[in-house]
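# Structural description and commentary
Next come the chains, spelled out residue by residue.
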Amino acid sequence: MPGQKDHANLFDDARSRLEEVFEAIHVHGDARERLKQPNLAMQVSVPVRMDDGSLRVFPGWRVQYNNTLGPAKGGIRFHPDVSQEEVTTLSFWMAVKCAVVDLPYGGGKGGVKVDPKRLSKLELERLSRGYIRAIADIMGPDRDIPAPDVNTNPMVMGWMADEFDHLARGKVPAAITGKPPALGGSLGRVAATGRGALHVLDLWAAREERKPEETTLAIQGFGNAAYHFARLAHERGYRIVAVSDSQGAIYSRDGLAPDPIMEQKTQHQRLHEMVYCDDSVCIAENVEKLERDELLGLEVDILVLAALENQVHEHNVGQVKAGAVLEIANGPVTSYADEQLEARRVPVLPDVLANTGGVIVSYYEWVQNRSGERWAEAEVNARLAERLEYQSRLVLERAEREEISYRKAAYRQGIERIADAIQLRGNCQGSE
């Protein structure tokens, strides 16, 4: 079915973007070969004793993609569609994005094939701890540092950090990021991905002389990153006219208020089941219900993709009428669709730059854990803004200077840094 993730082709599609980069920046042949495959891919089985006494075994994976710049870094997702191909692709993107924003990390990603909505809280905790027991031998502050991703959160990271402490027979807070602050988590981490995406959008909008109050947004997805992006964008004056979840979308030309949407979504679970105005809360007047994919075809200034991979593809890219695209999700636009948007001169602010806020603040959490420091939230946010502004400017200016897309500029920036480090470590033969 069009729009669903095709894991059989996901990694090949993602990796295909490397060829243009290799030619453009003349990457050494030995470095090319190292960049085409992950360092390590591990499959595990996670047995969980269910509340009814039965035993279920869930397949899981952890992939480390190129550790030239530092230990692997990346989230763990719990989702019924997770596969090794998807986890490998996500770890590849993590390697690129860490290099794009100049973090001392390689790429990492983990996943368990499970529908967490069908688990009790105790079953979810057993699964989380069991997964850490399964991958403990390949993780740690200097080797691989997991973090939250789809359907995992600070509570889950807290369980995982506690389990790793038990296995290590000591306190190792830097082994996992995205933890609750009481367990060494960084202030500002929960909102960091959305906040970072807004920084990138603001910087681009300023260069385009576009004012927030004159800019309309449609947001696909309404998870943690999307909500915090929407909340902060709304405060900045952007007009959010549509949001969607996995079941459907809502639209109001007058604008939507993110906080009441989240409040009601928590209560009703699905956007289509919301009460748009009642005695205590009002999302907006004149709200329309849309099918989920109708949001992609709205005539808005910015289409914000904050759901899952491969949401804009060969079968629906022609429906996109937005003036620009902002990627908060990982890989929401296929390479074919990306080429079509580029040909139509629709700028895409790519995931490997726009959604780096989370890993940047995870890096700050790792630094705080290793030094024993605790930074105020204002300091974390200021450091995030400073890094993203500098690295984003390099990408945007490179795109203008070389007359290429923002994605190509970001990939060139990231792969160039990794490739240079590979060569400097030696063992690259010849003068290529």
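A brief look at the structure comes next. None of these values were measured; they are calculated from a predicted model. (Residues numbered from 1 in each chain as written. Predicted model: local features only at pLDDT ≥ 70, side-chain atom pairs only at ≥ 80, totals over all residues. Heavy atoms only, no water.)

### Structural notes on the overall build of the protein chain
The number of helices and strands found in the protein chain is 14 helices and 12 strands. By the compact-globule yardstick of 22 Å for 432 residues, the protein chain fits well, its C-alpha radius of gyration being 21 Å. C-alpha atoms of the protein chain, sized along the principal axes, occupy 60 × 60 × 45 Å. Across the 432 residues of the protein chain, 59% fall into the buried class. Taking contacts inside the protein chain between residues at least 6 apart in sequence as the whole, the part at least 24 apart equals 70%. A total accessible area of about 18,200 Å² is found for the protein chain, and carbon and sulfur atoms account for 45% of it. Taking the average location of the 52 positive side-chain charges in the protein chain and that of its 64 negative ones, the two points are 4 Å from each other. (Helix = DSSP H or I, 4+ residues; strand = E, 2+ residues; numbered from the N terminus. Rg over C-alpha atoms; globule rule 2.2 N^0.38 Å. Buried < 20%, exposed > 50% of the residue type's maximum accessible area, 1.4 Å probe, protein only. Contact = heavy atoms within 4.5 Å. Areas by Shrake-Rupley, 256 points an atom, 1.4 Å probe, with all protein chains shown as cover. Lys, Arg positive; Asp, Glu negative; His and termini not counted. Charge placed at Lys NZ, Arg CZ, Asp CG, Glu CD.)

### Describing the environment of Asp293
Turning to its location among the elements, Asp293 is positioned in the loop between strand E9 (288-290) and strand E10 (302-305). According to the relative accessible area criterion, Asp293 is partly exposed, its value standing at 35%. The sequence separation of Asp293 and Ser246 amounts to 47 residues, and the corresponding C-alpha distance is 9.5 Å. Within the structure, the side chain of Asp293 is placed 3.2 Å from the side chain of Arg292, a separation counted as a polar contact. (Polar contact = N/O pair within 3.5 Å; in protein donor to acceptor, adjacent residues only side chain to side chain.)

### Some thoughts on the pairing of strand E1 (residues 40-49)
Moving residue by residue along a regular strand, the side chains alternate between the two faces of the sheet. Looking at chain direction, E1 and strand E2 (residues 55-65) are connected through 10 bridges and run antiparallel. By the bridge assignment, Ser45 is partnered in E2 with Pro59. Connecting E1 to the antiparallel partner E2 that follows it, the hairpin turn spans five residues, and Gly53 within it adopts a positive phi of roughly 95 degrees. (Pairing = 2+ DSSP bridges.)

### Topic: the side chain of His28
With respect to the element layout, His28 can be found in the loop between helix H2 (17-25) and helix H3 (29-35). Residue His28 is classed as buried on the basis of its relative accessible area of 1%. A polar contact of 2.9 Å, which involves the side chain of His28, links it to the backbone nitrogen of Asp30.

### As for the sheet that holds E10
Spatially, the seven strands line up as an open sheet ordered E9-E8-E7-E6-E10-E11-E12, and their pairing is mixed. Bordering the open sheet on either side are E9 and strand E12 (348-349), each of which pairs with just one other strand.

### Some points on the pairing of strand E7 (residues 239-244)
Here E7 lies mainly inside the structure; five of its six residues are buried. Both strand E6 (residues 216-220) and E7 contribute to a ladder of five bridges, which runs parallel. Across the sheet, Thr216 pairs through a bridge with Arg239, a residue of E7. Taking the sense of rotation as the criterion, the β-α-β connection linking E6, helix H8 (residues 224-236) and E7 turns out right-handed. As consecutive antiparallel partners, E7 and strand E8 (residues 249-251) are separated by four residues. (Right-handed = clockwise from strand over helix to strand, strands pointing away.)

### Here we look at helix H13 (residues 377-402)
Here H13 contains 26 residues, and its C-alpha end-to-end distance of 37 Å stays within 8% of the 38 Å for a straight helix at 1.5 Å per residue. Restricting attention to buried positions, one finds in H13 the residues Val380, Asn381, Leu384, Arg387, Leu388, Gln391, Ser392, Val395, Leu396, Arg398 and Ala399. After H13 finishes, the residue Glu403 shows a positive phi value of roughly 55 degrees. (Expected span 1.5 Å × (residues − 1).)

### A look at the packing of aromatic side chains
Two measures describe an aromatic ring pair: the distance that separates the ring centres and the angle between the ring planes. Under the defined criterion, the tally for this structure stands at nine aromatic pairs. Ring geometry for Tyr363 and Tyr364: centres 5.7 Å apart, planes at 45 degrees, overall tilted. With a centroid separation of 6.1 Å and 35 degrees between ring planes, the pair formed by Tyr363 and Trp366 is classed as tilted. Taken together, the residues span about one helical turn, with Tyr363 and Trp366 both in helix H12 (residues 357-371) at a distance of three residues. Trp366 carries the same exposure label as Tyr363, and that label is buried. Through successive ring pairs, a cluster of aromatic residues spans Tyr105, Tyr363, Tyr364, Trp366 and Trp375. (Phe/Tyr/Trp six-rings, centres within 6.5 Å; stacked < 30°, edge-to-face > 60°.)

### Some thoughts on the nonpolar core
In summary, soluble globular proteins display a tendency toward joint burial of nonpolar side chains. Phe92, Leu201, Phe229, Leu326 and Ile415 are the most contacted members of the largest nonpolar core, which has 82 residues in total. Here this core gets nine residues from one element, more than from any other, and that element is helix H4 (residues 84-100). Those residues within four positions of Leu201 in sequence are excluded, and the remaining contacts are Leu217, Phe229, Tyr238, Ile302, Leu326 and Leu349. (Core = buried A, V, L, I, M, F, W, Y, C linked by side-chain atoms within 4.5 Å.)

### Details of the sheet that holds strand E5 (residues 144-148)
Read across the sheet, five strands follow the order E1-E2-E4-E3-E5 without closing on themselves; strand pairing throughout is mixed. On the outer flanks of this sheet lie E1 and E5, each paired with one strand and no other. Within this sheet the neighbouring strands show an average axis-to-axis angle of 25 degrees, counted without direction. The sheet contact formed by strand E3 (residues 72-79) and E5 spans five bridges and is parallel. Across the sheet, Gly74 pairs through a bridge with Pro146, a residue of E5. Strands E1, E2, E3 and strand E4 (106-113) of the sheet are contacted by H4, whose axis makes an angle of about 155 degrees with E4. (Axes fitted to C-alpha atoms, helices over the stretch in contact; angles between N-to-C directions.)

### Brief notes about unusual backbone geometry
Look at Asn66: it is not a glycine, yet its phi comes out positive at around 55 degrees. The class for Asn66 is buried, based on a relative accessible area of 5%. A positive phi angle, near 55 degrees, is found at Glu403, a position not held by glycine. Mapping Glu403 onto the fold places it in the loop between H13 and helix H14 (406-424). Taking the relative accessible area as the measure of exposure, Glu403 reaches 73% and is therefore exposed.

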